[in-house]
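Reading the structure
Chain residues, written in single-letter form:
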Amino acid sequence: MLLQRVITALVLLALLLPALLVANPLPFALLSLVLIGLGGWEWGRLNGLKGVSPVALGLLVLLLCGLAWWAGWVARMPAAGWWLATACWVLGGAAALRAGPAAWPRRAQGLRLLIGTLVLCAAWLALTAARARGLNFILSCFCVVWMADIAAYFGGRTFGRHKLAPAISPGKSWEGVWSGMAGVLVLGVLWMQLEPVWFGSASSVFAQLWARLGWLGWPVALVFLSALSVMGDLVESMAKRAVGAKDSSALLPGHGGILDRVDALLPVLPAIMALTSF
């Protein structure tokens, strides 16, 4: 299993790093488009589609993202669009988690499929828009989620006493959530100190949030993004638990599926674009 995880991680890095580092944003947009289409296929399977129907859903996600790209939404998405996506995540995600895994399959299948399609499309548009802002910006977006997850893991293992959502993800604790938030705040401070050396004049999400929100709003925004990363993880876990699935698929040997790897990014990316676009 460990060898599988390492090999899969190396293959993903070999694909993603060149696409990220090249000046032209097109390779990254195309690669991420394929991955988000595969996420659509996984969502269809998790929500009861059989046979070729999950493939059709994945292709629909690809088509909708491609049409939005062709229409120029990546470059010209109004801030209101990002805020709407974020509000839907906050309100809809909270309602879904409150109802729990048992209630999820009772929702109309069409509604569940529509939600997943819109979520994936919004996340891909935000991801591509973030890449267009430069390497520093998109790497800092990723690191918000990665740090929230890593700090939550170690904080939960060390201090975890109070379960966050035992019916959905028994391993998560409130102490882990708070550790993740603290980790993101520390990362933000360090990143802003080092980014002039690493990236020159290129701006990170941390710097852009500071410029827009000031020293009072900056920590609130980062705590909010950390909370959204937890929500994304929990919503995907809820969908899997509702059907008794351990992973969203086996596309990534040793790592599960695409959704297992990007679940926390799905709400965070549109929220970052909202917070840095007004």
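For the structure itself, look to the data block above.
Now for a look at the structure at hand. Quick caveat, the model's predicted, so the values are computed rather than measured.

Parameters and conventions
The numbers attached to residues start from 1 for each chain and follow its sequence in the written order. Confidence filtering applies because this is a predicted model: local features only for residues at pLDDT of at least 70, side-chain atom pairs given and counted only at 80 or more, and all residues used for totals across whole chains, interfaces and linings. Working from all heavy atoms in the structure, the side-chain values ignore hydrogens and water. To qualify as a nonpolar core, a set must consist of buried Ala, Val, Leu, Ile, Met, Phe, Trp, Tyr and Cys residues joined through side-chain atoms within 4.5 Å. Working definition: with a 1.4 Å probe on protein chains only, accessible area under 20% of the residue-type maximum means buried, over 50% means exposed, and in between means partly exposed. The way it works is that DSSP assigns letters per residue, a run of H or I at least four long becomes a helix, a run of E at least two long becomes a strand, and they are numbered from the N terminus. Any two residues whose heavy atoms approach within 4.5 Å are treated as being in contact. Only protein atoms enter the 1 Å grid, on which a cavity is a set of points fitting a 1.4 Å probe that cannot get out and a pocket is an open set with protein on both sides within 12 Å along at least 5 of 7 lines, lining residues being those with an atom within 4 Å of a point. Grid points are joined across faces, edges and corners, and a volume is the space filled by probe spheres set on the points. Under the grouping applied here, Gly and all other residues not named as nonpolar or charged are polar, the nonpolar ones being Ala, Val, Leu, Ile, Met, Phe, Trp, Tyr, Cys and Pro and the charged ones Asp, Glu, Lys and Arg. Any two strands between which DSSP finds at least two bridges are classified as paired. Working convention: axes come from line fits to C-alpha atoms, limited for helices to the stretch in contact. Angles between N-to-C directions cover 0 to 180 degrees. Angle categories are assigned with fixed cut-offs, so that under 35 degrees is roughly parallel, over 145 is roughly antiparallel, 65 to 115 is roughly perpendicular, and the rest are oblique. Here is the rule for handedness: rotate from the far helix to the near one, and if that takes an anticlockwise turn smaller than a right angle the crossing is left-handed, while a clockwise turn gives right-handed. To estimate the expected span of a helix, subtract one from its residue number and multiply by 1.5 Å. By disulfide we mean two sulfur atoms from cysteines, separated by a distance within 2.5 Å.

What follows is about the nonpolar core. For soluble globular proteins, the rule of thumb is that nonpolar side chains tend to be buried together. Among the nonpolar cores identified, the biggest contains 71 residues, and Trp 124, Val 205, Phe 206, Leu 209 and Leu 225 are the most heavily contacted of them. By residue number, the principal contributor to this core is helix H9 (residues 205–243), which donates 14 residues. In this view, Phe 206 contacts Ser 140, Val 144, Val 184, Leu 187, Gly 188, Trp 191, Met 192, Trp 218 and Leu 222; residues no more than four positions away in its chain are not counted.

Here the second largest pocket is characterised by a volume of approximately 910 Å³. Cys 88, Leu 114, Ile 115, Leu 118 and Val 119 are, among the 38 residues lining the second largest pocket, the residues nearest its centre. Top element by residues in the lining of the second largest pocket is helix H6 (residues 109–132). It accounts for 11 residues. Looking at the lining of the second largest pocket residue by residue, the class counts come to 30 nonpolar, five polar and three charged.

As a further point, take the pairing of strand S2 (residues 169–173). The pairing of strand S1 (residues 163–165) with S2 spans two bridges and is classified as antiparallel. Note that in S2 the partner of Lys 163 across the bridge is Ser 173. Joining the antiparallel neighbours S1 and S2 is a turn of three residues.

For the rest of this paragraph, the subject is the packing of helix H7 (residues 135–159) against helix H11 (residues 265–275). Geometrically, a packed helix pair is captured by the angle between its two axes and the distance between the axes. One way to put it is that H7 packs onto H11 with a least axis distance of 10 Å and a crossing angle of 135°. By the criterion of interaxial angle, the relationship of H7 to H11 is oblique. For the pair H7 and H11, the sense of crossing is right-handed. Residue-level inspection shows Phe 137, Cys 141, Phe 142 and Val 145 of H7 in contact with H11, the latter providing Leu 265, Val 268, Leu 269, Ile 272 and Met 273. Residue classes in the contact of H7 with H11 are distributed as nine nonpolar, no polar and no charged.

This part is about the packing of helix H5 (residues 79–99) against H11. Put simply, H5 and H11 touch, their axes get as near as 8 Å, and they point 140° apart. Comparing the axis directions of H5 and H11 gives the class oblique. Between H5 and H11 lies a crossing of left-handed hand. Across the interface between the two elements, Trp 82, Trp 83, Ala 85, Thr 86 and Trp 89 from H5 touch Leu 266, Pro 267, Pro 270, Ala 271, Met 273, Ala 274 and Leu 275 from H11. Of the residues belonging to the contact of H5 with H11, the class tally is 11 nonpolar, one polar and no charged.

Moving on, we come to helix H2 (residues 26–46). In this model, H2 (21 residues) spans 30 Å end to end at C-alpha, consistent with the 30 Å of a helix rising 1.5 Å per residue. Buried residues of H2: Phe 28, Ala 29, Ser 32, Leu 33, Ile 36, Gly 37, Gly 39, Gly 40, Glu 42, Trp 43, Gly 44 and Leu 46, and no others. With its phi angle positive at about 90°, Gly 48 sits one or two positions after the end of H2.

Turning our eyes to something else, we now look at the state of the cysteines. Overall, the coordinates contain zero disulfides when judged by the stated rule. Here Cys 143 stays free of any disulfide, with the sulfur of Cys 141 as its closest cysteine sulfur at 9.4 Å. Cys 143 sits in the buried class, given a relative accessible area of 16%.

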